[in-house]
Amino acid sequence: MPTLVRARTRTAGAAIALALTATACGNLGGGADHQLKPALSAGRPAGTVTIATGTDPGQLVQGLQDAIVANGGAVVAVVDHAAIADAAGVQIPPNTVVIGGPAAADVALVSLQQKAGVTLPPPYQVRQDASGATVLTYDSPEYLAAISNVSDPAARTPVAAASEAIVGRTVPAGANA
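The rules behind the values
- Residues numbered from 1 in each chain as written.
- Predicted model: local features only at pLDDT ≥ 70, side-chain atom pairs only at ≥ 80, totals over all residues.
- Heavy atoms only, no water.
- Buried < 20%, exposed > 50% of the residue type's maximum accessible area, 1.4 Å probe, protein only.
- Helix = DSSP H or I, 4+ residues; strand = E, 2+ residues; numbered from the N terminus.
- Pairing = 2+ DSSP bridges.
- Axes fitted to C-alpha atoms, helices over the stretch in contact; angles between N-to-C directions.
- Parallel < 35°, antiparallel > 145°, perpendicular 65-115°, else oblique.
- Left-handed = near helix turned anticlockwise from the far one by under 90°.
- Contact = heavy atoms within 4.5 Å.
- Nonpolar A, V, L, I, M, F, W, Y, C, P; charged D, E, K, R; others polar.
- pLDDT = per-residue confidence, 0-100.
- Arc of directions from axis to C-beta.

### Side note on the pairing of strand β1 (residues 48-52)
- The buried fraction of β1 is high, at four of five residues.
- Of the strand pairs in this sheet, β1 and strand β5 (residues 134-139) are connected by five bridges, and their pairing is antiparallel. What sits directly across from A52, in β5, is V135.

In structure tokens, the structure reads:
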């Protein structure tokens, strides 16, 4: 095969691969009827819920852990990014991820699509933003289902109920999302 034909074939193949990749990345597989909300502000991906809590980061982390256990769940991990950074000689504001929830809440999504297990139990991030305010950030049940390729709304219900219960026990009334 002449060099020019091979080069054109490679170019056409690369163009097709890029087109397929772009199409796949644009469709998170949540079903044609399930569209994610657009990002509400820069740096805030669709599906991410961020709530300014007005509380101390340490109290919020403990409150999340208590709420997860009170809701019949288990705290699977607590990752203190500020402590990790400090051990590396770097100072960052408080930033802790609490991973956990009731196992029964995850079953519906994982039983329909095992790759949902990579995002479950859900992580809840407690951090201080640039202004020093404490915020809680977590992925919405709709987002977790979409990235797991589960379009059945009923499969999101247990995760949604658990997230609402955990956040409801943790975040003070009147905190703004």
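### A look at the packing of helix α4 (residues 103-112) against helix α6 (residues 153-170)
- Orientation of α4 relative to α6, taken along the N-to-C sense of each, is 155°, at an axis distance of 7 Å. Comparing their axes, α6 and α4 come out roughly antiparallel. Crossing geometry of α4 relative to α6 is assigned as left-handed. Between α4 and α6, the residues in contact are A104, A105, D106, A108, L109 and L112 and A155, P158, V159 and A162, respectively.
- Across the contact of α4 with α6, the residue classes tally to nine nonpolar, no polar and one charged.

### Here we look at the confidence of the model for the chain
- When the pLDDT values of the chain are averaged, the result is 81; 72% of them are 70 or greater.
- Counting contacts from residues 4-32, a segment whose pLDDT is below 50, to residues more than four positions away or on other chains yields 14 contacts.

### Structural notes on the pairing of β5
- With five of its six residues buried, β5 lies for the most part within the structure.
- As paired elements, strand β4 (residues 123-128) and β5 share five bridges and run antiparallel to each other. When the sheet's bridge partners are listed, V126 is paired in β5 with L136.
- Connecting the antiparallel pair β4 and β5 is a turn made up of five residues, with G132 showing a positive phi of about 95°.

### Description of α4
- For α4, the full list of buried residues reads A105, D106 and L109. End-on, the buried residues of α4 take up no more than an arc of 85°, which puts them together on one face. Facing away from the buried side of α4 by over 90 degrees, the exposed positions are A103, A104 and S111.
- Tucked inside the fold, the buried residues of α4 contact α5 (141-147) and α6.

### Here we look at the sheet that holds strand β3 (residues 95-101)
- Taking strand neighbours across the sheet as the criterion, the five strands line up as β1-β5-β4-β3-β2 in an open arrangement whose pairing is antiparallel. Each edge of the sheet is formed by a strand with only one pairing partner; in this case those strands are β1 and β2 (74-80). Going from strand to strand, the sheet's axes swing by 20° on average, the running direction of each strand aside.
- Pairing of β2 with β3 involves six bridges; the strand directions are antiparallel. Bridge pairing in β3 places D80 opposite T96.
- In the packing of α6 onto the sheet, the strands contacted are β1, β3, β4 and β5, and the crossing angle to β4 comes to about 30°.

### Thoughts on the packing of helix α2 (residues 57-70) against α6
- At a closest axis distance of 8 Å, the pairing of α2 and α6 adopts a crossing angle of 135°. Judged on the interaxial angle alone, α6 and α2 are oblique. Between α2 and α6 the crossing geometry is right-handed. For the pair α2 and α6, the contacting residues are L60, G63, L64, A67, I68 and A70 in the first and I166, R169 and T170 in the second.
- Taken together, the residues that form the contact of α2 with α6 break down as six nonpolar, two polar and one charged.

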